[in-house]
Amino acid sequence: MTFDFDKEFQNMMQKHSLNTVILLGHLNPDGDAAGSVMGLAHYIKVNYPQYRVIPYLEYTLDKGPKKQVKADRVFDPLTKPDITDERYAVIVCDTAVLSRLIGKEYYECAETSMVIDHHASNEGYGDINYTKISEACAENVYYILDQAKLKKTMISEMKPTAADYIYMGILHDTGCLSRAKMSTMQAVTGLLELGVEHSYVMQTMHNDTLESLQTRAGLLERAERLLDGKIACVCVSRAESEAEGIGYEDIHPISGILRDCEDIELGFTMYEEEENRWRCSFRSDGKWINVNELLKKFGGGGHAAAAGVRKRTNNMEKFRQDILEEIIMMRKNIKKERA
Ligand SMILES: [Mn+2]
């Protein structure tokens, strides 16, 4: 085991004589952020009952994971914790950079911090930082935990348990295991052996309504092919999203859907979330182009196959053109290296 969570956690709490731990994830939490945070929260609650455990996720949590979180009878992570003058530790999951952390004020006031992540772009913050590049942060969480202690959470708690949450994180960040590595499959098998029910967690993957599918159809209609046609993008301005009632949760899956097309290598979306502020999401297979490397040059980042950037500009066309030119450069270099 490369990182022994139990040892590190107990050291952290004892060294600073703390009784409380707050768990945090990234802005607009997804299934993996929620799965990692809630999985660890339940694990600590069951195995270290002497500590007060407070997970916090924003109300903007994705729809699917929100269903599972709302069924949680132990924690309410959608409500902001009220802990004005207490001393506590913070554990951050699935968050590459501090600027994307929710509840940053808790991190800043914490006595000590531990970071568990899987992003290549993690900036190495926190007193303890365990970042291992993998498909899902929840996969890392699974491997750093003690199996017997994880099993205990299945016996002593009602659903959703720590193991259910970890399983959810893995499902969500791997597109339902379509991007799974062998280690991912081994983690999933281990969780099933502990008693996780696949169909129970799968409910968090099914969130379409007829209306949301029709909105999606409209968004896909607008897709443009760029360069040699292997790139597809969808751009939505403020005026368009307001006129058509398009929210970020509608645009969020589009880059992945485009990328998964057999004739597309790179899918991306640009969404004007505020006037002159564009939120962009890029998806590839990580090899045709490494989108983390690509977007680093524009102040963004993430993973080789999935990354994002936020950009303030009143000239989105130029920003898009700059990115396309960088793609052309990077592709030329890749071809040169392979020749
Ligand atoms: Mn993740």
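That block above? That's the structure.
First, a word on scope: everything that follows refers to the structure included in this document. (Residues numbered from 1 in each chain as written. Predicted model: local features only at pLDDT ≥ 70, side-chain atom pairs only at ≥ 80, totals over all residues. Heavy atoms only, no water.)

### Section: helix α1 (residues 5-15)
Okay, step 1: Turning to α1, its buried residues are Phe5, Asp6, Phe9, Met12 and Met13. End-on, the buried residues of α1 take up no more than an arc of 135°, which puts them together on one face. Residues of α1 that are exposed and point more than 90 degrees away from the buried face comprise Lys7, Gln14 and Lys15.
Okay, step 2: In this structure, the buried side of α1 is in contact with β1 (20-24), α2 (31-47), β3 (89-93), β4 (112-117), α5 (137-144) and α6 (147-156).
Okay, step 3: Backbone nitrogen of Asp6 and a side-chain oxygen of the N-cap are separated by 3.2 Å at the start of α1; the cap is Asp4.
Okay, step 4: Once α1 ends, the next one or two residues include Ser17, with phi positive near 45°. (Buried < 20%, exposed > 50% of the residue type's maximum accessible area, 1.4 Å probe, protein only. Helix = DSSP H or I, 4+ residues; strand = E, 2+ residues; numbered from the N terminus. Arc of directions from axis to C-beta. Contact = heavy atoms within 4.5 Å. Polar contact = N/O pair within 3.5 Å; in protein donor to acceptor, adjacent residues only side chain to side chain.)

### A look at the packing of α1 against α2
Okay, step 1: Following both chains from N to C, one finds α1 and α2 inclined at 70°, their axes separated by 13 Å at the closest point. Viewed along their axes, α1 and α2 adopt a mutual orientation that is roughly perpendicular. Contacts from Phe5, Asp6 and Phe9 of α1 reach α2 at Leu40, Tyr43 and Ile44.
Okay, step 2: Partitioned by chemical class, the residues of the contact of α1 with α2 number 5 nonpolar, no polar and 1 charged. (Axes fitted to C-alpha atoms, helices over the stretch in contact; angles between N-to-C directions. Parallel < 35°, antiparallel > 145°, perpendicular 65-115°, else oblique. Nonpolar A, V, L, I, M, F, W, Y, C, P; charged D, E, K, R; others polar.)

### Side note on the coordination of the manganese ion
Okay, step 1: Protein-derived ligands of the manganese ion are Asp32 (OD), Asp94 (OD), His118 (NE2) and Asp173 (OD), with the metal-ligand distances lying across 2.2 to 2.4 Å.
Okay, step 2: Every donor residue of the manganese ion comes from the same chain, spaced as D-x61-D-x23-H-x54-D. In this pair, Asp32 is assigned in helix α2 and Asp94 in the loop between β3 and α4 (104-109), connecting sequence segments 62 residues apart.
Okay, step 3: For Asp32, a relative accessible area of 0% corresponds to the buried category.
Okay, step 4: For Asp94, a relative accessible area of 1% puts it in the buried group. (Donors = N, O, S within 2.8 Å, 3.2 Å for Na, K, Ca; no water.)

### A look at the sheet that holds β3
Okay, step 1: On the basis of which strands lie adjacent, the open sheet formed by 5 strands has the order β2-β1-β3-β4-β5 and parallel pairing. The open sheet terminates on both sides in strands that have one partner only, identified here as β2 (52-56) and β5 (128-131). Sheet twist, expressed as the mean angle between neighbouring strand axes with direction ignored, is 15°.
Okay, step 2: Bridging between β1 and β2 involves 5 bridges; their strand directions are parallel. Considered in β2, the bridge of Ile22 is made with Ile54.
Okay, step 3: Set on the sheet, α5 makes contact with β3, β4 and β5; between it and β4 the angle comes to about 115°. (Pairing = 2+ DSSP bridges.)

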